[in-house]
Amino acid sequence: MSPQLPPVAPAVTAELVAALSPRLRKRLDSGIAKLADRPVVRDGDVVRIAVDDDTGLELHAPDGAVRQADAVRCGCLLAPDCLHRAAAASLAPVAEDEAPERGGISADSPAPRDGSDDERPTEAAVPYESATPDQRAAARAVRLAAAAVLEAGTDGAGAVLQAELLRAAHTARLAGLHRAAATAVSVVTALRAARSADPAYHLTDLVTGLHDVLHVSHRVPAASGTELSALRGTARQPYRPDGSLRLYGLFSEPVTASGYAGAVTWTADADGRLYQVSDVAPGGAGRAVGAADRTVRLGDTALTHRELARAGLAVSGATVSPTGRLGAGAGVRAVRASGAGWHEDPVARLWAEPVPDQITRALTGGHGLLFLDVTLAGTAAEAAGDCLLADCNGVALRLTAAHDHPALPHRDNLRLLSAARGTRLRVVARLTPAAHPRARLLAAEHPTRSDTRLDIGLDRLQRADLPAVPAAPARPAPVPDEAPIHLLRRRVHQTVSGGRPVIALPGGTRADARRLHQSGLATAADLLMDLHSAAADRAHDVFGRLRPADPDRFARAWLAAAHYTAELDRALCLAAWTS
């Protein structure tokens with residue numbers, strides 16, 4: 001397998017694409033496709049691509065990422081303003097941009113490869129009364145670039161539109177809008193995954209990213225005080241001293257997102273507070289599989305992530321981020337300790353917390369993890385693939401795959417577990433806000449060996465692991481009637497996939513709006529009609545020529561529909577789990 005290209009800073013990609021002539025810009029996407037098939041060789045900090053028999057391309061990444069445009073060098077006659085340099089930058093993963101005057105990672109970025117220099121607390125946030133002129137200008141740039149992506153849809157949002165969004169992200173970071181910058185970069189990464197048919201791509205991730213980046217860029221100019229502080233975000237996560245910790249391993253999960261991959265191991269202390277140990281770096285699913293067997297980067301411990309998930313850890317001099325991520329600085333000491341089973345104290349307390357309380361926490365900014373006792377009840381077919389049905393204290397729960405990449409065993413494990421109907425298991429899942437109880441399965445007890453845990457994304461079940469004689473089939477809990485909010489959600493998702501042209505088609509918009517009205521969802525019906533109207537609004541001038549579309553109005557209409565759908569899903573989710 002060829003080495004992966006080093007990550008390229010957003011500003012570098014934007015600069016190289018901007019330098020192209022209009023003719024070369026039209027050929028950029030095809031140039032990227034051709035370059036993706038060329039052999040790649042790594043030599044230390046230099047990655048070389050053989051463009052053809054006579055032309056070579058080099059990416060210089062002394063710190064693991066390409067930070068300057070002149071670090072991408074091509075030997076063709078059109079260099080430096082050639083197609084090859086821009087194509088290579090657009091093909092490579094997006095690097096974590098550097099904050100002005102000091103390096104950093106965004107609050108939404110994966111863990112750095114080395115936490116040793118990532119534990120210095122940031123300076124206190126400056127309480128702006130209102131956004132600065134630079135921040136308002138940067139927010140507008142992000143909004144316009146994201147609106148252009150939304151209007152084009154995934155099929156039309158090629159490398160040129162992606163570069164414009166990366167340029168806006170870099171501008172936002174320089175202006176101190178770290179949340180907008182990080183989310184804009186995640187949107188570009190999701191777009192690339194969608195256009196390359198990456199099996200790890202999820203449309204819902206791209207919808208969530210566009211929703212957040214448009215929401216932030218829309219609100220920043222009018223925000224002030226604490227709202228503005230939340231919208232701005234932080235350049236890097238502050239790590240605080242937390243003394244000595246006694247931790248118990250829970251499970252490990254593979255991570256493949258935003259061009260980064262690896263493993264995250266979750267642990268808990270005696271009070272049930274959760275902590276994570278991460279090994280995430282640029283890479284694909286192959287790195288996620290291998291990371292589980294790497295030694296954790298914490299103190300002097302020789303435990304791998306897979307071993308830590310079933311053992312314990314004693315940590316002194318600990319530093320912890322607000323989300324529970326453990327730092328790995330020079331002053332941290334960690335040694336192996338005994339673990340605890342899921343049915344043993346103190347770990348068992350996580351499953352003792354009432355499910356409604358867990359759902360409320362997950363929906364109000366918690367870590368999203370659910371600790372559940374379920375009885376397997378078979379399988380159900382869905383458009384995205386089969387899901388595992390389970391009964392959770394009378395609630396009909398759908399457990400889905402956390403990742404779809406074929407290198408990871410999520411779907412294979414769910415398929416085998418569906419054959420163990422009637423088996424009662426203790427599981428860990430991540431809540432998916434929806435109108436019905438739904439979560440992504442992350443870890444579970446072994447169906448026949450109660451003393452064994454399974455990391456669903458790392459350990460592969462075999463048919464021999466299933467019960468020889470299936471337990472009595474579980475009686476699935478009744479599935480309540482759902483409000484037809486999916487009629488609006490479908491159009492929100494269709495917009496992201498197909499852009500304005502798809503939503504502008506007459507279709508069954510009016511029929512869907514009538515059904516929403518009849519179900520008491522008048523606001524949803526109005527939002528659906530407004531979205532269609534904004535998409536189809538193409539007036540003619542006095543000469544009969546079609547006027548340019550208004551991407552800002554279309555983006556606002558879509559943002560309103562997406563925001564309403566997300567909030568209603570949260571409310572319906574809470575009701576479905578607690579009623």
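Computed from a predicted model, the values in this text were never measured in an experiment.

Asker: How should the sheet that holds strand β4 (residues 72-74) be read in this particular structure?
Answerer: In any sheet, the strands associate via hydrogen bonds between backbone groups, in a parallel or an antiparallel arrangement. Reading across from one edge, β1-β2-β3-β4 is the order of the four strands in this open sheet, with antiparallel pairing throughout. Edge positions in the sheet fall to β1 (40-43) and β4, since each has one partner strand and no second. Strand-to-strand twist of the sheet, defined as the mean angle between neighbouring strand axes without regard to direction, takes the value 20°. With three bridges connecting them, strand β3 (residues 56-60) and β4 associate as antiparallel partners. Within the sheet, the bridge partner assigned to Leu 57 lies in β4 and is Cys 74.

Asker: So what exactly am I meant to see when it comes to the side chain of Arg 453 here?
Answerer: In this structure, Arg 453 sits in strand β15 (residues 453-455). Glu 344 provides the closest opposite charge to the buried, unpaired Arg 453, separated from it by 6.6 Å. When near neighbours in sequence (up to four residues on either side) are disregarded, Arg 453 contacts Gly 249, Leu 250, Ala 309, Arg 310, Ala 340, Gly 341, Trp 342, Ala 444 and Asp 459.

Asker: Can you help me understand the packing of aromatic side chains in this one?
Answerer: One pair of aromatic rings is described through two measures. These are the centre distance and the angle between the planes. Under the definition given, this model contains three aromatic pairs. For the pair Trp 351 and Phe 371, a centre-to-centre distance of 5.1 Å together with 75° between the ring planes defines the contact as edge-to-face. One end of the pair, Trp 351, is in helix α12 (residues 349-352); the other, Phe 371, is in strand β10 (residues 369-380), with 20 residues separating them in the sequence. Here Trp 351 matches Phe 371 in class, with each residue buried. Looking at Arg 500, its charged tip hangs above the ring of Phe 554, at a distance of 4.9 Å from the centre.

Asker: Can you walk me through the packing of helix α18 (residues 522-536) against helix α19 (residues 551-578) in this structure?
Answerer: Two quantities define a packed helix pair, namely the angle between the axes and the distance from one axis to the other. Across the interface, α18 lies against α19 with an axial gap of 9 Å and an inter-helix angle of 155°. Considering the angle they form, α18 stands roughly antiparallel to α19. As α18 packs across α19, the resulting crossing turns out to be left-handed. Listed contacts from α19 to Thr 523, Ala 524, Leu 527, Asp 530, Leu 531, Ser 533, Ala 534 and Ala 535 of α18 are Arg 553, Phe 554, Ala 557, Trp 558, Ala 560, Ala 561 and Tyr 564. Considered class by class, the residues forming the contact of α18 with α19 number 11 nonpolar, two polar and two charged.

Asker: Just checking my understanding: could you explain the confidence of the model for the protein for this structure?
Answerer: Mean pLDDT over the protein: 86, with 89% of residues reaching 70 or higher. At the level of individual helices and strands, the protein shows its lowest average pLDDT in helix α10 (residues 285-291), which scores 81, and its highest in helix α6 (residues 159-174), which scores 97.

Asker: Before we go on, may I ask you to explain helix α8 (residues 203-219) in this structure?
Answerer: Because an α-helix packs 3.6 residues into every turn, residues spaced three or four apart end up facing the same way. A rise of 1.5 Å per residue sets the reference length of α8, with its 17 residues, at 24 Å; its end C-alpha atoms lie 24 Å apart and thus fit the reference within 8%. By the burial criterion, the buried members of α8 are Leu 206, Val 207, Gly 209, Leu 210, His 211, Asp 212, Val 213, Leu 214, Val 216 and Ser 217. Structurally, α8 contributes buried residues whose contacts are with α5 (133-156), α7 (178-195), α9 (225-232), α15 (486-498) and α19.

Asker: Explanation requested: the nonpolar core in the structure shown.
Answerer: Within soluble globular proteins, side chains that are nonpolar tend to cluster in buried spots. Counting 61 residues, the largest nonpolar core has Leu 210 and Trp 558 as its most contacted members. With nine residues, the top contributor of residues to this core is α19. Apart from residues lying up to four places away in sequence, Trp 558 is in contact with Leu 150, Val 207, Leu 210, His 211, Leu 214, Val 492, Thr 495, Val 496 and Leu 531. One finds Val 12, Val 17, Val 40 and Ala 86 within the second-largest nonpolar core, a separate group that totals 33 residues.

Asker: Would you explain the sheet that holds strand β8 (residues 312-320) in this entry?
Answerer: Here we have five strands laid out as an open sheet, ordered β7-β6-β5-β8-β9, and antiparallel in their pairing. Looking at strand neighbours, the two that pair on one side only are β7 (274-282) and β9 (333-337), the edges of this open sheet. Taken over all neighbouring pairs, the strand axes of this sheet differ in orientation by 35° on average, direction set aside. Note that β8 and β9 share five bridges and pair antiparallel. Its bridge partner being in β9, Ser 316 is matched across the sheet by Arg 333.

Asker: Would you mind going over the packing of α5 against α7 with me for this structure?
Answerer: Taken N-terminus to C-terminus, the directions of α5 and α7 make an angle of 35°; their axes are 10 Å apart at the nearest point. Only Leu 191, Ala 194 and Arg 195 of α7 make contact with α5, whose side of the interface consists of Val 149, Thr 154, Asp 155 and Gly 156. Class assignment for the residues of the contact of α5 with α7 results in three nonpolar, two polar and two charged.

Asker: Explanation requested: the pattern of salt bridges in the structure shown.
Answerer: Two side chains bearing opposite charge may form a pair once their charged atoms approach each other closely. One pass over the structure, following the stated rule, counts 30 salt bridges. Asp 279 serves as the salt-bridge partner of Arg 287, at 3.0 Å between the closest nitrogen and oxygen. Per residue, the accessibility class of Arg 287 equals that of Asp 279, and both read buried. Residue Arg 310 is joined to Asp 459 by a salt bridge in which the shortest nitrogen-to-oxygen separation is 2.8 Å. Taken together, the residues Arg 310 in the loop between α11 (305-308) and β8 and Asp 459 in the loop between β15 and α15 connect sequence positions 149 residues apart. Since its relative accessible area comes to 30%, Arg 310 is described here as partly exposed. For Asp 459, a relative accessible area of 15% translates into the label buried. A network of salt bridges, in which partner residues are shared, links Asp 293, Arg 306, Arg 310, Asp 455 and Asp 459.

What counts, and at which threshold
Residues numbered from 1 in each chain as written. Predicted model: local features only at pLDDT ≥ 70, side-chain atom pairs only at ≥ 80, totals over all residues. Heavy atoms only, no water. Pairing = 2+ DSSP bridges. Helix = DSSP H or I, 4+ residues; strand = E, 2+ residues; numbered from the N terminus. Axes fitted to C-alpha atoms, helices over the stretch in contact; angles between N-to-C directions. Buried < 20%, exposed > 50% of the residue type's maximum accessible area, 1.4 Å probe, protein only. Lys, Arg positive; Asp, Glu negative; His and termini not counted. Salt bridge = Lys/Arg side-chain N within 4 Å of Asp/Glu carboxyl O. Contact = heavy atoms within 4.5 Å. Phe/Tyr/Trp six-rings, centres within 6.5 Å; stacked < 30°, edge-to-face > 60°. Lys NZ or Arg CZ within 6 Å of the ring centre and 35° of its normal. Parallel < 35°, antiparallel > 145°, perpendicular 65-115°, else oblique. Left-handed = near helix turned anticlockwise from the far one by under 90°. Nonpolar A, V, L, I, M, F, W, Y, C, P; charged D, E, K, R; others polar. pLDDT = per-residue confidence, 0-100. Expected span 1.5 Å × (residues − 1). Core = buried A, V, L, I, M, F, W, Y, C linked by side-chain atoms within 4.5 Å.

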